[in-house]
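Letter by letter, the chains look like this.
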Amino acid sequence: MTSQRYIALLRGVNVGRAKRIAMADLRKLVESLGYTGVRSLLNSGNVIFDADVPSSQAAEALEEAMVLRLGVAARVFVLEHQELADIIDDNPLLDLADDHARLFAFLLAGEPQREVAACLCGQDWQPEALAIGRRAAYVWCPEGVLDSAAAAALGKGLGDGTTSRNWRTITKLHGLCSHPAGC
């Protein structure tokens, strides 16, 4: 397998007092697994790296290493650069969302999660909105994610089998990965 650019999104890291990881420690951990071009974005468990292993193997290795070396158990979602590009291309809520800090993408891990999200898309969430793409469900939360009934329902329906990022973070990650000098 040739080297592939990946984006790892850690679920629930540095969101409250639990699961705290310094990004410098996380970058060192990722490098210790033999992955290259390691960069982190923000302080919330977003890591970009290059590896010559499948994404599922990289996710497994990161989860195990975080527990063994950092004492933190967290679900790790690893996307190929093209999968992140697809998430961006699929978003039907961009015209509606005038504040990208309040537009969220929830990763979908497979068909059962797509079915849950599709069922929720059929409900009226006004003034919020919920839509689905190939790899993510999108939620527009004009009053913020903490006050969002749509985000709460989606989070409850998907459980810990998902992680979400706001649209600003998604586009920053994509920008970093799209430019070799940025990664």
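Please read all numbers here as calculations on a predicted model, not as lab measurements.

Trainee: Could you clarify how one ought to interpret helix H6 (residues 167-178) in this entry?
Mentor: Residue pairs spaced three or four apart in an α-helix point in one direction, given the helix's 3.6 residues per turn. The first and last C-alpha atoms of H6 sit 16 Å apart over 12 residues, in line with the 16 Å expected at 1.5 Å per residue. Those residues of H6 that fall on the buried side of the exposure criterion are Trp167, Thr169, Ile170, Leu173, Leu176 and Cys177. Sitting at the amino-terminal end of H6 is Asn166, which places a side-chain oxygen 3.0 Å from the backbone nitrogen of Arg168.

Trainee: I'm lost on the packing of aromatic side chains in this one. Help?
Mentor: The geometry of two aromatic rings is summed up by the distance between their centres and the angle between their planes. Counting across every chain of the model gives 3 aromatic pairs. Consider the rings of Tyr35 and Phe49, whose centres lie 4.9 Å apart with planes at 15 degrees: the pair is stacked. Placement of the pair is Tyr35 in the loop between helix H1 (23-32) and strand S2 (36-41) and Phe49 in strand S3 (residues 46-51), with a sequence separation of 14 residues. The class for Phe49 is buried, based on a relative accessible area of 0%. When the ring of Tyr138 is compared with that of Trp167, the centres are 6.0 Å apart and the planes differ by 70 degrees; the resulting orientation is edge-to-face. Of this pair, Tyr138 sits in strand S7 (residues 136-140) while Trp167 sits in helix H6; the two residues are 29 residues apart in sequence, bridging distant segments of the chain. Accessibility assignment for this pair places Tyr138 and Trp167 in one class, buried.

Calculation rules
- Residues numbered from 1 in each chain as written.
- Predicted model: local features only at pLDDT ≥ 70, side-chain atom pairs only at ≥ 80, totals over all residues.
- Heavy atoms only, no water.
- Helix = DSSP H or I, 4+ residues; strand = E, 2+ residues; numbered from the N terminus.
- Expected span 1.5 Å × (residues − 1).
- Buried < 20%, exposed > 50% of the residue type's maximum accessible area, 1.4 Å probe, protein only.
- Polar contact = N/O pair within 3.5 Å; in protein donor to acceptor, adjacent residues only side chain to side chain.
- Phe/Tyr/Trp six-rings, centres within 6.5 Å; stacked < 30°, edge-to-face > 60°.

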